[in-house]
Amino acid sequence: MEARQQGLLETQPLQEVDEDMVAEVDLSNSVSDEEREEMQVELDKLEEEISTLRQVLAAKEKHHAELKQKLGVNPLSEFRQNFNKSWHEMQTSTAYKKTQETLSTAGQKASAAFSNVGTAISRKFGDMRNSSSFKSFEEKVESTVSTLKSKVGVPSNSGGSFEEVLSSAAHASAQDTPASATRLIESSEQQC
């Protein structure tokens, strides 16, 4: 069996002689001289038509450029027109419309969520203000304000704001400082 396989498959690589034989095969022999002439005439006609079409195209491109120049169409305005056209086509596409609807719905839901959070926070602040600990804190602040008013000499029913009380306390403190400084000087002179 090995002998048979060896005969079918040659283990030697192609020789240069084999390559030369392939190169010597003349494919032009399959076409007659008459057919060759017809093909050459057709090829010449095609080349002439291509040349003519190139000249016509060049003339049309020149005319096109002249018309655009007369109309004032420059590359920037042309780009702007193309951009506007593309933008309009994109906005009218179904994908854009679906995306816009989805984002609009998401925005409405987010707005509603923020509104609910705001309502919940304000409700919690209201609950906190009504709580006993906040009431206790409020009473302490009112007590401190009353104490400051009485030290400053403002009647407790005067109803001044917290800022007014602080301002008058600071003013009273500033007036009281020179008198106490005088007392300190007098007492130090007596000791000497």
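Basis of the calculations
Residues numbered from 1 in each chain as written. Predicted model: local features only at pLDDT ≥ 70, side-chain atom pairs only at ≥ 80, totals over all residues. Heavy atoms only, no water. Helix = DSSP H or I, 4+ residues; strand = E, 2+ residues; numbered from the N terminus. Buried < 20%, exposed > 50% of the residue type's maximum accessible area, 1.4 Å probe, protein only. Salt bridge = Lys/Arg side-chain N within 4 Å of Asp/Glu carboxyl O. Patch = residues over 30% accessible without salt bridge, like charges linked within 9 Å, V, L, I, M, F, W, Y side chains within 5 Å. Areas by Shrake-Rupley, 256 points an atom, 1.4 Å probe, with all protein chains shown as cover. Lys, Arg positive; Asp, Glu negative; His and termini not counted. Charge placed at Lys NZ, Arg CZ, Asp CG, Glu CD. Phe/Tyr/Trp six-rings, centres within 6.5 Å; stacked < 30°, edge-to-face > 60°. pLDDT = per-residue confidence, 0-100.

Could you give an account of the overall build of the chain, with specific residues and numbers?
Within the chain one finds seven helices and zero strands. Element order for the chain, N to C, with α for helix and β for strand: α-α-α-α-α-α-α. Taken over 192 residues, the chain has a buried fraction of 2%.

Can you explain the pattern of salt bridges? Please cite residues and give values.
Scanning the model with the defined rule gives one salt bridge in all. Residues Glu78 and Lys68 are paired through a salt bridge, measuring 2.7 Å at the closest nitrogen-oxygen approach. Separated by 10 residues along the polypeptide, Glu78 in helix H4 (residues 75–91) and Lys68 in helix H3 (residues 33–71) bring together distant segments of the chain. Glu78 sits in the partly exposed class, given a relative accessible area of 29%.

Got a sec to walk through a negative patch on the surface? Specific residues and values, please.
Residues Asp33, Glu34, Glu35, Glu37, Glu38 and Glu42 make up a contiguous surface patch of negative charge. Considering the arrangement of structural elements, one finds Asp33 in helix H3.

Can you tell me about the packing of aromatic side chains, naming the residues and giving the values?
Within the structure shown, the criterion is met by one aromatic pair. The interplanar angle of 25° and the centroid separation of 6.5 Å between the aromatic rings of Phe79 and Phe83 together place this pair among those described as stacked. Of this pair, Phe79 and Phe83 both sit in helix H4, four residues apart, roughly one helical turn.

I'd like a description of a nonpolar patch on the surface, backed by residues and values.
A surface patch of nonpolar side chains, amounting to about 540 Å² of accessible area, comprises Leu76, Phe79, Phe83, Trp87 and Met90. On the secondary structure map, Met90 appears in helix H4. Overall, Met90 belongs to the partly exposed group, its relative accessible area being 35%.

Give me the lowdown on the confidence of the model for the chain, citing residues and values where you can.
The predicted model of the chain averages 77 in pLDDT, with 65% of residues at 70 or higher. H3 holds the highest mean pLDDT among the elements of the chain, 94, whereas helix H1 (residues 2–8) holds the lowest, 51.

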